[in-house]
Amino acid sequence: MIQLTDVTLTFPDGDGRITAVDRARLLVPAGTVAALTGPSGSGKSSVLAVAAGLIRPDSGSVEVAGVDVAALSPKAATDFRRTRLGIVFQQSNLLPSLTATEQLCALHALGGRTSRASRTATRDRAAELLAAVGLADQADKRPHQLSGGQRQRVNIARALMNEPDALVVDEPTSALDHERGSAIIDLILELTATSGAATLLVTHDRTHLDRMDQVLVMQDGRLTAGSAELARQV
Ligand code: ADP
Ligand code: MG
């Protein structure tokens, strides 16, 4: 579950401050996808950053899977993201020199010495996830050998490696054509249901909104529970 209660976030702006998020409330139950939509600059990415513990809000509470994220120290927040959260951004930030399998296993290798059994378990999990995103036969490919859509699939698989309680996804289809974008949205809906993660998905593409469990519309930092219909009017 992801729950934001009365979250306000401001940034310095010249002599004053700009309010990026204005008393936002939202609740995303486990195993469901909430779409967050609205004009550019309305505060969508700021909401994700707060939910992911990347930025601490000025006020309000942020609870993800029972953890009060806004109260964590920077180190604890990093730890929380590594162990409990999956994050997918617009640009696939894959490492150029690693194969798809290695992209998924890399984080787990960073923890220092790992046993052979745990390395095998990690590779098994990577293989399972690459199959789940339709890339079983691309496991040994490096990013430059993959299409944009395939790279985004690797990103999604990587975000699921640690069996996250919550998934935050920022405009995953913006660099893809409609058909590939649609397939990515299908994948996110399917993997959210099977993994039981609570997914907060920022999307510009309104054609997908009818399939979401919940649609939230953002405007000037304000968040309103919406509908696909309302989102089309903003
Ligand atoms: P969206 O994702 O909907 O396009 P953002 O959350 O990126 O919107 O931005 C919301 C507002 O906050 C915008 O006015 C933006 O300029 C401002 N903003 C976002 N990040 C920062 C930052 N790091 N420093 C200053 N202002 C920021
Ligand atoms: Mg944004």
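Presented here is an overview of the structure given in this document.

1. Concerning the overall build of the chain
Summing up its helical and strand segments, the chain has seven helices and 10 strands in all. In terms of C-alpha radius of gyration, the chain reaches 18 Å, essentially the compact-globule figure of 17 Å for 234 residues. With 234 residues in all, the chain has 47% of them scored as buried. The long-range fraction of contacts in the chain, counting pairs at least 24 apart against all pairs at least 6 apart in sequence, stands at 69%.

2. Quick notes on the nonpolar core
Grouped together as the largest cluster of nonpolar side chains are 34 residues, with contacts concentrated most on Leu104, Leu130, Val133, Val154, Ile156, Leu201 and Met212. It is helix H6 (residues 178-195) that contributes the most residues to this core, six residues altogether. Beyond its immediate sequence surroundings of up to four residues, Met212 is in contact with Val33, Ala35, Ile185, Leu189 and Leu201.

3. Some words on the pairing of strand S4 (residues 59-64)
Pairing between strand S1 (residues 2-13) and S4: five bridges, direction antiparallel. In the strand pairing of S4, Leu4 is matched with Val62. The sheet contact formed by S4 and strand S5 (residues 67-68) spans two bridges and is antiparallel. Residue pairing in the sheet places Val64 in a bridge with Val67 of S5. With antiparallel pairing between neighbouring strands as the criterion, S4 and S5 make up a hairpin whose turn holds two residues, including Ala65 at a positive phi of roughly 50°.

4. Considering the layout of surface pockets
Computed from the structure, the largest pocket encloses a volume of approximately 500 Å³. The wall of the largest pocket is formed by 21 residues, among which Arg81, Arg82, Leu85, Leu107 and Asn162 lie closest to the centre. For the lining of the largest pocket, the secondary-structure elements that each account for two or more residues are helix H2 (74-84), strand S6 (85-88), helix H3 (100-109) and helix H5 (148-159). Here the residues of the lining of the largest pocket sort into nine nonpolar, nine polar and three charged.

5. Details of helix H4 (residues 116-132)
The end-to-end C-alpha distance of H4, which contains 17 residues, comes to 24 Å, matching closely the 24 Å that a straight helix rising 1.5 Å per residue would cover. Along H4, the residues that are buried comprise Thr122, Arg125, Ala126, Leu129 and Leu130. Axial view of H4: buried residues confined to an arc of 130°, hence all on one face. Facing away from the buried side of H4 by more than 90 degrees, the exposed set consists of Arg116 and Ala117. Note on H4: the residue one or two positions beyond its end, Gly134, has a positive phi of about 80°.

6. What about the sheet that holds S1?
Spatially, S2-S1-S4-S5 is the arrangement adopted by the four strands of the open sheet, whose pairing is antiparallel. Looking at which strands have only one partner, the edges of the open sheet turn out to be strand S2 (16-28) and S5. Running over the sheet, helix H1 (residues 44-51) touches S1, S2 and S4 and is turned about 115° from S1.

7. Overview of the pairing of strand S8 (residues 198-202)
For S8, a buried count of five out of five residues is recorded, marking the element as mostly surrounded by other parts of the structure. Side-chain alternation along S8 places Ala198, Leu200 and Val202 on one buried face and Thr199 and Leu201 on a second face that is also buried. Looking at chain direction, strand S3 (residues 33-37) and S8 are connected through four bridges and run parallel. Considered in S8, the bridge of Leu36 is made with Val202. As judged from the five bridges shared by strand S7 (residues 166-170) and S8, these two strands associate in the parallel manner. Opposite Leu167, over in S8, you have Thr199 as the bridge partner. In this region the chain leaves S7, passes through H6 and returns to the parallel neighbour S8; the handedness of that crossover is right-handed.

8. Notes on the sheet that holds S7
The strand order S6-S7-S8-S3-S9-S10 describes an open sheet built from six strands, whose pairing is mixed. Two strands in the sheet have a free side with no partner beyond their single neighbour: S6 and strand S10 (222-225). For this sheet, the mean angle separating the axes of adjacent strands, direction not counted, is 20°. In the packing of H2 onto the sheet, the strands contacted are S6 and S7, and the crossing angle to S6 comes to about 85°.

Basis of the calculations
Each chain carries its own residue numbering, running from 1 in the direction its sequence is written. Each chain gets a letter, beginning with A, and each ligand a number, beginning with 1, in the order they are written. Side-chain atom pairs in this predicted model are given and counted only at pLDDT of 80 or more, local residue features only at pLDDT of at least 70, and totals for whole chains, interfaces and linings cover all residues. Side-chain metrics in this entry use all non-hydrogen atoms of the structure; hydrogen atoms and water are not considered. Secondary structure elements follow DSSP: runs of H or I of four or more residues count as helices, runs of E of two or more count as strands, with numbering from the N terminus. Atoms counted for the radius of gyration: C-alpha only. Globule rule: 2.2 Å times residue count to the power 0.38. Only protein chains enter the accessibility calculation, which uses a 1.4 Å probe. A residue is then buried if its area is under 20% of the maximum for its type, exposed if over 50%, and partly exposed in between. By the convention used here, residues are in contact when the closest approach between their heavy atoms is within 4.5 Å. To define a nonpolar core, start from buried Ala, Val, Leu, Ile, Met, Phe, Trp, Tyr and Cys residues and group those joined through side-chain atoms within 4.5 Å. The criterion for strand pairing is that DSSP finds at least two bridges linking the strands in question. Cavity means a closed set of points on a 1 Å grid over the protein atoms alone, one where a 1.4 Å probe fits but cannot get out, pocket means an open set with protein on both sides within 12 Å along at least 5 of 7 lines, and lining means a residue has an atom within 4 Å of a point. Grid points are joined across faces, edges and corners, and a volume is the space filled by probe spheres set on the points. Classification convention: Asp, Glu, Lys, Arg as charged; Ala, Val, Leu, Ile, Met, Phe, Trp, Tyr, Cys, Pro as nonpolar; all other residues, Gly among them, as polar. What a helix is expected to span follows from its residue count: subtract one and scale by 1.5 Å. The directions considered for the arc run from the helix axis to the C-beta atoms. Here the axes come from fitting lines to C-alpha atoms, over the contacting stretch only for helices, and the angles between their N-to-C directions go from 0 to 180 degrees. When the strands point away from the viewer and the connection leading from the first strand across the helix to the second strand turns clockwise, the crossover is called right-handed.

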